[in-house]
Amino acid sequence: MPSTRKKTTKAGAVFYEIRVSRGRDKSYLTKRWYVPEGWSQKAIDRELAAVAADFERQCDAGEIVSREETRQKVAQEAAEAAKILTLRQYGERVFMPAKTITMSENGRAAYQANLDKKIYPALGDIKMPDITPAQITALLLSIQSQGKAHSTVIKTYTVLHSLFKMAYLGDMIPRNPMDKVERPTPRKDEVKPTEPEAYTAVEVSKILAALDGEPLKWRALVHLLIDTGIRRGECCALQWKNIDFKTGAVTIAGNLCYTKQKGVYLDTPKNGRTRTVYAGDDTTVLLRQLRENQADKAISAYVFTQENSPEPMHPQSPTLYLQKLSKKSGVPGLHPHKLRHTFASIAITNGADVASVSEALGHSDKAVTLRMYTHASEESIIKATQIVRESIKKAGQG
């Protein structure tokens, strides 16, 4: 039964507050009924009873709720609506903002490009809970059918795997469709690259010989890449304060990167920590000459600069230069990363321990060094068979 109480506003208007109790767990509901002017008390009591009874009926039917309940209902509806996001909306509002925090700028840009060019056009407008394994598989097969490299398909698979895993763990979707999507395998007709991933010592000698007569800056840079196995971005980010000319120690403390969105920017080394590599005497001599030469033109904190400018060299410039040097040297496919492969391959083939090579390369895991940089060559295969034969021969003599 609702209760009523007669009250007066500050302006003097008379009204009745009608209150309906809903038990201990819920707040009571109230309503104001203003008394019409000139009414008798009998008419007021009769009408008030009718208004109170109708108000109680509305409250019991759930037609009237408190402000707090309304706020909670709106919030709940918004939360439920937020769960029914399309893939594009989830990618823009949740997935990529999270990746921006945890990934490097290059990694973030690669993920964003994959979403924009491959994933959004195919799946972007479908609600996340409605996307099926068949639709994802169809997208991956479509990319393969376009003749794209296997690595391109794998990158799309990786982005999708990461996105749906985040959505599932965040209770955005009831199940992860990627659990039923097989990792793509290479096409049978896909041609594997014939170019070597690492060069032999003989080929390296050809590269160094081709540097004769080249500008000092490029001679020093290529020698440093071959001598230490550092990344091209680390080379471009190198500053004079990072070089100890007495010992040949070179501290790798930065990585110069480029993306279309951000332009050229200085980042930390790939694994997030500094390390020290050692340049040989020939490389150190070239670096010292470069410093003297640079001082006559444009003082800069950076070792490798733009032409007649103190600004650091663009991180893509070494790649463009090596393409030209490739023709001159007769060594195909010259690329900074292949020189990095070469450093590790020659070092390990000639007895260097994997731990030391891994540290020089800046890998956080030795398995990465073994998996990515130990490429069998004719020389190393012959050396391996000789070791086996010699071991068996010694055992027989004993």
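Analysis parameters
- Residues numbered from 1 in each chain as written.
- Predicted model: local features only at pLDDT ≥ 70, side-chain atom pairs only at ≥ 80, totals over all residues.
- Heavy atoms only, no water.
- Helix = DSSP H or I, 4+ residues; strand = E, 2+ residues; numbered from the N terminus.
- Buried < 20%, exposed > 50% of the residue type's maximum accessible area, 1.4 Å probe, protein only.
- Contact = heavy atoms within 4.5 Å.
- Areas by Shrake-Rupley, 256 points an atom, 1.4 Å probe, with all protein chains shown as cover.
- Pairing = 2+ DSSP bridges.
- Axes fitted to C-alpha atoms, helices over the stretch in contact; angles between N-to-C directions.
- 1 Å grid on protein atoms, 1.4 Å probe; cavity = no way out; pocket = protein on both sides within 12 Å on 5 of 7 lines; lining within 4 Å.
- Points joined across faces, edges and corners; volume = space filled by probe spheres on them.

**Q** Describe the overall build of the protein chain, and please don't skip the residues or the numbers.
**A** Helix and strand counts for the protein chain come out as 15 helices and eight strands. Evaluated residue by residue, the protein chain yields a buried proportion of 39% over its 398 residues. Counting contacts in the protein chain only where the partners sit at least 6 residues apart, residues at least 24 apart contribute 60% of the total. Surface summary for the protein chain: the accessible area is close to 23700 Å², and the carbon and sulfur share equals 52%.

**Q** Give a description of the sheet that holds strand S8 (residues 275–278) that names residues and reports values.
**A** Within the open sheet, the three strands sit side by side as S4-S5-S8. Their pairing is antiparallel. Two strands bound the open sheet, and with one partner strand each, they are strand S4 (243–244) and S8. Bridging between strand S5 (residues 249–252) and S8 involves four bridges; their strand directions are antiparallel. Among the inter-strand pairings, Ala249 is bridged to a residue of S8, identified as Tyr278.

**Q** Mind laying out the sheet that holds strand S3 (residues 29–34), listing which residues take part and the relevant values?
**A** Within the open sheet, the three strands sit side by side as S1-S2-S3. Their pairing is antiparallel. Each edge of the open sheet carries a strand with a single partner, namely strand S1 (3–8) and S3. Each strand axis lies, on average, 25 degrees off the axis of its neighbour in the sheet, ignoring direction. Where S1 lies against strand S2 (residues 14–20), six bridges are found, and the strand directions are antiparallel.

**Q** How would you explain the layout of surface pockets if you had to name every residue and give the values?
**A** If you add up the space inside the largest pocket, you get close to 880 Å³. Along its surface, the largest pocket is lined by 30 residues, and Asn106, Arg231, Asn255, Lys270 and His337 are the ones closest to its centre. Elements with a minimum of two residues in the lining of the largest pocket: helix H4 (105–123), helix H9 (232–236), strand S6 (255–259), strand S7 (263–267), helix H12 (336–349) and helix H14 (366–373). The dominant element in the lining of the largest pocket, judged by the number of residues it contributes, is S6, at four residues.

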